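Coordinate analysis (summary)
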Amino acid sequence: MTLLSNQNKKMLKFVFLLLIFFVFLILCNYYLESSSIEERYDSIIVKTAERHSVSWQMIKAIIRQESHFHANAKGGVGEIGLMQITIGAARDWEKKKHTRKHTRYELFNPELNLEIGTWYYARALKQWKKKKFSEIYALAQYNAGRKNLLRWTKNMKHDTNPIKKIGFPSTRNYVKRVMNFYHSYLKKQPNI
């Protein structure tokens, strides 16, 4: 009986070590994939940002916050893809660019999604370019819409940091996180 018991103990020990080994492999794979996923779209991020005269670091920061670099990401209220664009933003872009309407499925395409999202951010940035904190205004508008931003900043002084005036805590946190990511990307080079 003890011989069988010793065999069982050895078998359990072997299975336990095998399980630890597989967990280790899964964790290694996760780490390698998560470190490379942030660099997967660098070349199209840089090209698209340059075309729209905006910082590639800001676009990358927006993507990190919006979808964590998952091209098939879907938001809670219909946002799509890497930059979590809305159908409304896509229609605005199509109208401005005199192009055909794209299907919801097509909007998941990373190049198209980046083009529309970057255009949308660049448009917001241009609208606020005379303000000291133009990036913050543009990010708040990107996240919550122009009408909300105008309501929050009504009667605000030009030199005041608008983060405190953002009426939605989720948008306030969004802007803070994107700005933190942006500052971390300023220290890095794109992987192109």
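Okay, so let's go over this structure. In this text, all values refer to a predicted model and were calculated from it rather than measured experimentally.

So, on to the packing of aromatic side chains. Throughout the structure, instances matching the rule amount to four aromatic pairs. A ring pair is formed by Trp 119 and Tyr 120, whose centres lie 6.5 Å apart and whose planes are at 50°; its orientation type is tilted. Judged by its relative accessible area of 8%, Trp 119 falls in the buried class. Judged by centre distance (5.6 Å) and plane angle (70°), the rings of Tyr 120 and Tyr 142 are edge-to-face. Of this pair, Tyr 120 sits in helix α5 (residues 110–127) while Tyr 142 is found in helix α6 (residues 134–144), placing the two residues 22 residues apart along the sequence. Site record: aromatic cluster; members linked through ring pairs are Trp 119, Tyr 120 and Tyr 142.

The next subject is a positive patch on the surface. Together, Lys 96, Lys 97, Lys 126, Lys 129 and Lys 130 line one region of the surface with positive charge. Along the polypeptide, Lys 129 turns up in the loop between α5 and α6.

Turning our attention to the nonpolar core. Within soluble globular proteins, side chains that are nonpolar tend to cluster in buried spots. Ile 59, Ile 62, Tyr 121, Leu 139 and Val 175 are the most contacted members of the largest nonpolar core, which totals 53 residues. Among the secondary structure elements, those contributing two or more residues to this core are α2 (42–51), α3 (56–67), α4 (87–97), α5, α6, α7 (146–153) and α8 (169–185). For this core, the element with the most residues is α5, which contributes nine residues. Every residue in contact with Leu 139, bar those within four places of it in the chain, is listed here: Met 58, Ile 62, Tyr 121, Tyr 174, Val 175, Val 178 and Met 179.

So, on to the environment of Arg 123. Here Arg 123 lies in helix α5. Spatially, the C-alpha atoms of Arg 123 and Tyr 142 are 9.6 Å apart, while their sequence positions differ by 19 residues.

So, on to the side chain of Ser 134. As for its placement among the helices and strands, Ser 134 is situated in helix α6. You can call Ser 134 buried: its relative accessible area is 12%. Among residues more than four places away in sequence, those in contact with Ser 134 are Leu 125, Trp 128 and Lys 129.

The full count for this structure, using the stated rule, is six salt bridges. Two residues, Asp 42 and Lys 60, come together in a salt bridge whose shortest N-O distance is 2.7 Å. Residue Asp 42 is located in helix α2, and its partner Lys 60 is located in helix α3; the two are separated by 18 residues in the primary sequence. The partner of Glu 115 in a salt bridge is Arg 51, and the shortest N-O contact between them spans 2.6 Å. Of the two residues, Glu 115 sits in helix α5 while Arg 51 sits in helix α2, which places them 64 residues apart along the sequence.

Thresholds, definitions, all that
- Residues numbered from 1 in each chain as written.
- Predicted model: local features only at pLDDT ≥ 70, side-chain atom pairs only at ≥ 80, totals over all residues.
- Heavy atoms only, no water.
- Phe/Tyr/Trp six-rings, centres within 6.5 Å; stacked < 30°, edge-to-face > 60°.
- Buried < 20%, exposed > 50% of the residue type's maximum accessible area, 1.4 Å probe, protein only.
- Helix = DSSP H or I, 4+ residues; strand = E, 2+ residues; numbered from the N terminus.
- Patch = residues over 30% accessible without salt bridge, like charges linked within 9 Å, V, L, I, M, F, W, Y side chains within 5 Å.
- Areas by Shrake-Rupley, 256 points an atom, 1.4 Å probe, with all protein chains shown as cover.
- Salt bridge = Lys/Arg side-chain N within 4 Å of Asp/Glu carboxyl O.
- Lys, Arg positive; Asp, Glu negative; His and termini not counted.
- Charge placed at Lys NZ, Arg CZ, Asp CG, Glu CD.
- Core = buried A, V, L, I, M, F, W, Y, C linked by side-chain atoms within 4.5 Å.
- Contact = heavy atoms within 4.5 Å.

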